[in-house]
Structure formats: structure tokens, C-alpha cells
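Secondary and tertiary structure notes
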Amino acid sequence: MSDRRKQPETPLDDHPIQALYQTTRQELPGAELDRHILALASREASRRRRRWLFPLSSAAVILLGVTLTLQLVEPPELAPESEELLLEAPDSKQRARTSEVPHKSISMPAPTAAKPSMEFPQDSTAEMRQAPAGFARDAEPQNRQIQRTDRQEARPKELLQLGRQKKDTREIDSDPQLWLEVIGQQIASGKVEAGQQALTEFRKRYPDYPLPEQLLQYVE
Amino acid sequence: MNEISDEELYNRYCRGDVQAFEQVYERYRQSLYLFLLRSCNTRADAEELYQEVWSRIIATGKPFRHGSFKAYIFQIARNLKIDRFRREHLRIVADEVDMTIVQDPGKTPDGLLHDINCSEMLKRHLVSLPHEQSEVFLLKEEAGLTLEQIATMINVGRETVKSRLRYALRQLRKLMEECL
């Protein structure tokens, strides 16, 4: 050990030895070996390229299909609202909101025997419970009509008028409450004579139906 | 002109570029072969291992994200070499004499013969060194790895690598005194 310590430290770069070693570096792998390895590498590379081929082509086909489908299937245009939709009830939230809005058109009274009122009670079912038995039959459809009228008023006025114009006259004839409403609107819009004629017609059809106070003055 | 790095070439090959592989193969063709030839007892063993190393590199096909490609291939070579020796209980002995040598046109026949003798002597002495020393010497001279890279590869400290290299050089200098 002590001898080893005394020896001068050998440098890590021994140039004569390295130079001599470089003269030994003559051997090369055989050409056959080179060809074999390069052929192996080539096969593996082409296998890797093919490995991407299927997922890539699949993705391209799917993308193309989706693009074409999206172009062919146009989004459905918003169809003009049908009469049914116009008169259909909006959602409950909107209904609740419209019930707070004061009525602008002529409100139809509940058919109470004593005195028809121009204003609907807030709770029409409570009113119905107070109504005489004789009116129970008539009051039921009327109550439904009241609800529908409420819903209709929640719509924009223009849409409502359009719906009413398109509404079948037979439906108006068969619904006294709706008929009275139309008459009321006619008179309110200045068509007093036409309104009076319609009112006469109404009276002939429904002689016992209670008229709202506003329309009584137009009865001939 | 900036040369494309080994790692970039290998990554290109992983993406299917065969020419990139040919370039990187050309860079390590001789050094890897000589490393194995100097480490193995026969040329046939060296060639077999050489082919196996490249087959592993080709089959791996994973892009290189960090590290050195050079250290990577010599690590594979070393591992395969160790496996082979363990499996076959082989002892590293001198290869058959290879008479291939670059002829210096300015040298006399005596001088040329001296060079050939010295070269063959160095090869024999190299394989006669303790395996740990010859391995460090070859990894430095053939692979061109740094002491840190060698230390990492063979899983020893840097100082141990230095020490082994010093012993190898001292021994070779002593044995090759007449040629120096």
C-alpha cells in the first residue's frame, strides 16, 4: 500500500496509450451484418408507419362523415307558431307572472246570478264554490276559459290578435265566453255596429247567458 | 453546419424515418462493434451481440426524451455482454489475431511489422486486464463516455471509475513500454 502511495498519480489521459489504441481500431462489422440490421430497421419502420395508417384513416373518415352530416342536416327553421301553439299555455312560471298583470281587455265576469262583475276574482275557484248550483254547469267551462284568457294575455298582443283572427269562427260560436270577448273587442275598437249585430246574434243563440255590464248597453 | 443529434435521429426513426436510422447506425457502427469485439472472447460472439444490441434498439421504438443515445446503446451492449458471460460462464480471453491494420505508406516493412505487433500486443493486454478496468477503458476510448456517464452506467462512484481507469492505463503503459 505504501508503495502505491509513493507512485506518481497516472493521468487519466495517457496520450501514447490512447494513440496506440487508435491504431488498433481497424475492424468493422461485416457487410452482411450491416445489411441484415438495416433491413430489420427498414421493416420495423414500415410496420410503425402502417400502425398509424388505420387510426389515421379511421379518424379522417369519421371527421368527413360528421362534417357531411352537419352540412346535410340543416337545423330546423323555427316554424311560425301555429294557432294551437299561440293559444297553448306557456310555462307555469310565465303563467304566474301574467296573473299579476292587470287585465287590459274587457274581462269577463264569472257568471254569478246576482251581479256580473267586470273584474275577475283572484281566486276564481273560490268564486265558483260560492256560485249558485244552477250556474255550476256553465261556470265550469267558463272557468277553463278564464284560465285560457289569462294565458292568452300573457302572450304579446300582436300574436294574440293574429291567433284570434285565425281562430275558427265555429269555435267562437260554440264558446259563448270567447264570443262575448270578441264582441267586446269589436266594440272597444270602434266597430260598435258590428258588435251590436254580433251581440244580437249572441242573444239569439244564448238567451240565458249573463252579459257583462259593459255590453248590456249595446243590447238592442 | 449543425449536425443533427443522435437523439433527434433516433426519434425520427421512431416516427418511421429509415434514413435517420442509417445515419445513427453509421455513427456507432464501428465503436459499438469494437467495444464488443474487445470485450468478447471471439469475433462470432461479438457479432452476435452486436446484432442483438441493434435489434433491441430497433424494436424499442420509444422516442428519446432525455439522456444520451450513446450511453443508451453502450448500456444495452454492456448488459447483453454481462448476460452472455453469466449464462455461458465464459472467461474473457484474447481474440484470434486480426491482421487488419492501416498501412502507413511512409513506413518501412520493419516499422510496419512493429506497429502490427504493438497493436496486437495492446489488444491482448487489454483483454488480460481485470474486467472492471478494461471495461472502463473501453467505455472511455470506444464509446467516448465521460467519467460520470460511465459511473452511472456501471453503478459505481465517479472516483471508482477514475481509479479503475488509472490502474488500467498504468498497467498498459508498463506492458507496452517497448512500443511507446
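Residues numbered from 1 in each chain as written. Chains lettered and ligands numbered in written order. Predicted model: local features only at pLDDT ≥ 70, side-chain atom pairs only at ≥ 80, totals over all residues. Heavy atoms only, no water.

Things to note about unusual backbone geometry
Note the cut-off: A run of H or I in DSSP counts as a helix once it spans at least four residues, and a run of E counts as a strand once it spans at least two, with each numbered from the N terminus.
Within the chain, Asn155(B) stands out as a residue other than glycine whose phi angle is a positive 60°. Mapped onto the elements, Asn155(B) comes out in the loop between helix 7 (147-154) and helix 8 (158-175).

Side note on the packing of helix 10 (residues 176-188) of chain A against helix 11 (residues 192-205) of chain A
All names here are of chain A. Put simply, the rule is: Structural elements are reduced to axes, namely lines fitted to C-alpha atoms, with helices fitted over the stretch in contact, and the angle between N-to-C directions of any two is expressed from 0 to 180 degrees. Orientation categories follow fixed angle ranges, with anything under 35 degrees roughly parallel, anything over 145 roughly antiparallel, 65 to 115 roughly perpendicular, and all other angles oblique. Less than a right angle of anticlockwise turn of the near helix away from the far helix marks a crossing as left-handed, whereas a clockwise turn marks it as right-handed. We call two residues in contact when some of their heavy atoms are within 4.5 Å. All residues other than Ala, Val, Leu, Ile, Met, Phe, Trp, Tyr, Cys, Pro, Asp, Glu, Lys and Arg, Gly among them, are scored as polar; the first ten of these are nonpolar and the last four charged.
The interhelical angle for the contact between helix 10 and helix 11, taken along N-to-C directions, is 160°, at an axis separation of 8 Å. As judged from the angle between their axes, helix 10 and helix 11 are roughly antiparallel. Taken as a pair, helix 10 and helix 11 cross one another with a handedness that is left-handed. Within the contact between the two elements, helix 10 uses Pro 176, Trp 179, Leu 180, Ile 183, Gln 186 and Ile 187 and helix 11 uses Val 192, Ala 194, Gly 195, Ala 198, Leu 199, Glu 201, Phe 202 and Arg 205. Across the contact of helix 10 with helix 11, the residue classes break down as 10 nonpolar, two polar and two charged.

Structural notes on a nonpolar patch on the surface
All names here are of chain A. Operational definition: To count toward a patch, a residue needs a relative accessible area above 30% and no salt bridge. Like charges then connect within 9 Å, nonpolar side chains (Val, Leu, Ile, Met, Phe, Trp, Tyr) within 5 Å. We get accessible surface area from the Shrake-Rupley algorithm with a probe of 1.4 Å; when it comes to residues, only the shown protein chains can shield them. Between Lys or Arg on one side and Asp or Glu on the other, a salt bridge is scored when a side-chain nitrogen of the former is within 4 Å of a carboxyl oxygen of the latter. Three labels apply to residues, based on accessible area from a 1.4 Å probe with only protein chains included: buried if under 20% of the type maximum, exposed if over 50%, partly exposed otherwise in between.
A cluster of nonpolar side chains, Leu 64, Leu 68, Leu 72 and Val 73, forms an exposed patch at the surface whose accessible area comes to about 440 Å². Note that Leu 64 resides in helix 3 (residues 31-72). In this structure Leu 64 comes out as exposed when scored by relative accessible area, which is 54%.

Some points on the pattern of salt bridges
A full pass over the atoms with the stated rule returns 20 salt bridges over all chains. Lys123(B) is the partner of Glu27(A) in a salt bridge, and the nearest nitrogen-oxygen pair spans 2.8 Å. Of this pair, Glu27(A) sits in the loop between helix 2 (15-24) and helix 3 while Lys123(B) sits in helix 5 (residues 109-128), on two different chains. In this structure, the salt-bridge partner of Arg84(B) is Glu48(B), at a minimum N-O distance of 2.8 Å. Of this pair, Arg84(B) sits in helix 4 (residues 69-88) while Glu48(B) is found in helix 3 (residues 43-60), placing the two residues 36 residues apart along the sequence. Each of Glu27(A), Arg38(B), Glu120(B) and Lys123(B) takes part in one network of salt bridges that share partners.

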